[in-house]
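Take a look at the letters that make up each chain.
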Amino acid sequence: MRLRHTAARSLLTAVATLAIGLLGLAAPAPASASVLDIPPRGANDWSCTPDAAHPQPVVLVNGTFKLMAENWSALAPRLQRAGYCVFAFNYGHAETDPVPQAAAELKDFVEAVRGATGARKVDLVGHSQGGMMPRYYVKFLGGDRVVDDLIGIVPSNHGTTNPLAGPLGKLFCPACTDQMAGSKLLKKLNAGTETPAGPDYTVLTTRHDEIVVPYTSALLSGPARSVTNVVLQDRCPLDPFLHDQATKDPVVAQWVLNALGRTGPADPDFRPRCLGAA
């Protein structure tokens, strides 16, 4: 019964998020900046200059149906307080466009950030689709030359068997179709090496993921020197976070800062402070 209630809540959350996205897409554009384009606190200071301790600006990449202000409301200000120049954006009509189109938008945004900050490279932190889609940019659109770290939070790297993905894809969400396990897009993306040379890759996933199913589909293969896979409950067995709000998990934030603050991916031996720890 408990599992059915969890699934029902997840379905209601998905439908509510979808309705918000559709209303936003249908509404006429106002003369001033849309509320949809409000960045999270701590992000999009285009006068920010990276310093020697934080040389790469951090670009946050939304998950499907997400708005940047909500998706990164916890992590953006935390990264900004840690000294990073932080940037976020909405893309792909509530992140529903095909992944290749979204990756091209990411490329353009990264170039804008590099131009504004003078940085040679950027770090990418993405949620769900936003953790997988940048791999298309890296592998096929030249991102391997300008991405230093790619940190995926519950990314859909090998797709999902969640039964909602197919119907949503047929209705209006090509990105949902792209994220189905075994999709043409994912076969192309994962053919050969999953982690092309250039960036370091950190994957953060939760055993409680009800959207990217099974949760192990988030994990990437590659050499230990450049790839770290983290299952949150391996270090913090009581971590309760599911897929949707994983970006707000304080344990996730600690792993992200660890990965950003060192050469290479996150330290696989890192021990975060768990929720409720004394």
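Computed from a prediction, not measured in an experiment: that's the story for all the values here. Per chain, residue numbering runs from 1 following the sequence as it is written. pLDDT decides what is reported in this predicted model: residues at 70 or higher carry local features, side-chain atom pairs at 80 or more are listed and counted, and totals for whole chains, interfaces and linings draw on all residues regardless. Hydrogens and water are ignored here; the side-chain numbers use all heavy atoms of the structure.

### A closer look at the overall build of the protein
Next, step 1: Helix and strand assignments follow DSSP, with helices taken as H or I runs no shorter than four residues and strands as E runs no shorter than two, numbered in order from the N terminus. Helices and strands together make up the secondary structure of the protein, namely 11 helices and 6 strands.
Next, step 2: Buried residues in the protein amount to 51% of all 278 residues.
Next, step 3: A total accessible area of about 12500 Å² is found for the protein, and carbon and sulfur atoms account for 60% of it. Between buried and exposed lies partly exposed: a residue is buried under 20% and exposed over 50% of the maximum accessible area for its type, with that area taken using a 1.4 Å probe on protein chains only. Areas reported as accessible are Shrake-Rupley estimates using a 1.4 Å probe. Residue values count occlusion only from the protein chains shown.

### Let's talk about the sheet that holds strand E4 (residues 147–153)
Next, step 1: Two strands form a pair only when DSSP identifies at least two bridges running between them. Pairing is parallel across the open sheet formed by 6 strands, whose spatial order is E2-E1-E3-E4-E5-E6. Two strands in the sheet have a free side with no partner beyond their single neighbour: strand E2 (86–89) and strand E6 (227–231). Direction aside, neighbouring strands of the sheet carry axes that sit 15° apart on average.
Next, step 2: Relative to strand E5 (residues 200–205), E4 runs parallel, the two being bridged by 5 bridges. Residue pairing for E5: Ile-153 is matched across the bridge by Leu-204.
Next, step 3: Contacts are residue-level and defined by heavy atoms, with any inter-residue pair within 4.5 Å sufficient. In this analysis, axes come from line fits to C-alpha atoms, helices being fitted only over the stretch in contact, and the angle between any two N-to-C directions falls in the range 0 to 180 degrees. Running at roughly 150° to E2, helix H5 (residues 99–117) makes contact with strand E1 (58–61), E2 and strand E3 (122–127) of the sheet.

### Examining the nonpolar core
Next, step 1: Counting 32 residues, the largest nonpolar core has Val-59, Leu-106, Val-110, Leu-124, Met-133, Tyr-137 and Val-147 as the members making the most contacts within it.
Next, step 2: For this core, the leading source of residues is H5, giving 7 residues. Among the buried residues, those of types Ala, Val, Leu, Ile, Met, Phe, Trp, Tyr and Cys that are joined through side-chain atoms within 4.5 Å form a nonpolar core.

### Describing the side chain of Ser-226
Next, step 1: As for its placement among the helices and strands, Ser-226 is situated in the loop between E5 and E6.
Next, step 2: The class for Ser-226 is buried, based on a relative accessible area of 13%.
Next, step 3: Once residues lying within four places of it in the same chain are set aside, the contact partners of Ser-226 are Pro-199, Asp-200, Tyr-201 and Pro-265.

### Concerning the pattern of salt bridges
Next, step 1: Criterion for a salt bridge: a side-chain nitrogen of Lys or Arg within 4 Å of a carboxyl oxygen of Asp or Glu. Throughout the structure, instances matching the rule amount to 5 salt bridges.
Next, step 2: A salt bridge links Lys-248 to Glu-70, with the nearest nitrogen and oxygen atoms 2.6 Å apart. Here Lys-248 is found in the loop between helix H10 (232–235) and helix H11 (250–260), whereas its partner Glu-70 is found in helix H2 (residues 68–71), with 178 residues between them in sequence.
Next, step 3: Between Arg-207 and Asp-234 there is a salt bridge, with its nearest N and O atoms 2.7 Å apart. One end of the pair, Arg-207, is in the loop between E5 and E6; the other, Asp-234, is in helix H10, and 27 residues separate them in sequence.
Next, step 4: A single salt-bridge network, built from bridges that share partners, covers Lys-66, Glu-70, Asp-244 and Lys-248.

### Re the packing of aromatic side chains
Next, step 1: Two rings from Phe, Tyr or Trp (for Trp, the six-membered ring) form a pair when their centres are within 6.5 Å of each other. A pair whose planes differ by under 30 degrees is stacked, one over 60 is edge-to-face, and the rest are tilted. What the rule picks out here adds up to 7 aromatic pairs.
Next, step 2: With 4.3 Å between their ring centres and 10° between their planes, Phe-89 and Phe-109 make a pair best called stacked. Of this pair, Phe-89 sits in strand E2 while Phe-109 is found in helix H5, placing the two residues 20 residues apart along the sequence. We note that Phe-89, like Phe-109, is buried.
Next, step 3: Summarising the aromatic geometry, the rings of Trp-255 and Phe-270 are spaced 5.1 Å apart at their centres and angled 80° between planes, so their arrangement reads as edge-to-face. Remark: Phe-270 occurs in the segment after H11 and Trp-255 occurs in helix H11; sequence separation between them is 15 residues.
Next, step 4: Take Trp-255: its relative accessible area is 1%, and that puts it in the buried class.
Next, step 5: What links up through ring pairs into an aromatic cluster is the set Trp-46, Phe-87, Phe-89, Tyr-91 and Phe-109.
Next, step 6: Two thresholds decide whether a charge sits over a ring: the Lys NZ or Arg CZ must be within 6 Å of the ring centre and within 35 degrees of the ring normal. In this structure, Lys-188 packs its charged tip against the face of Phe-140, placed 4.8 Å from the ring centre.

### Quick look at the confidence of the model for the protein
Next, step 1: Residues at a pLDDT of 70 or more form 87% of the protein, whose mean pLDDT is 90.
Next, step 2: Low pLDDT, under 50, characterises residues 1–32; the predicted model gives this stretch 11 contacts beyond four residues in sequence or across chains. Values of pLDDT, ranging from 0 to 100, describe the predictor's confidence in every residue of the model.

### So, helix H6 (residues 129–140)
Next, step 1: What a helix is expected to span follows from its residue count: subtract one and scale by 1.5 Å. With 12 residues, H6 extends 17 Å between its outermost C-alpha atoms, agreeing within 8% with the 16 Å of an ideal straight helix rising 1.5 Å per residue.
Next, step 2: Where burial is concerned, most of H6 is hidden: 10 out of the 12 residues are buried.
Next, step 3: Within the span of H6, buried status applies to Gln-129, Gly-130, Gly-131, Met-132, Met-133, Pro-134, Arg-135, Tyr-136, Tyr-137 and Val-138.

### A closer look at the state of the cysteines
Next, step 1: Pairs of cysteine sulfur atoms within 2.5 Å are identified as disulfides in what follows. Counted according to the given criterion, the structure contains 3 disulfides.
Next, step 2: A disulfide bridge connects Cys-48 with Cys-85, and the sulfur atoms are separated by 2.0 Å. The disulfide joining Cys-48 to Cys-85 has a torsion of about -80° about its S-S bond and is therefore left-handed. Highlighted residues: Cys-48 in the loop between helix H1 (2–26) and E1 and Cys-85 in the loop between helix H3 (75–81) and E2, separated in sequence by 37 residues.

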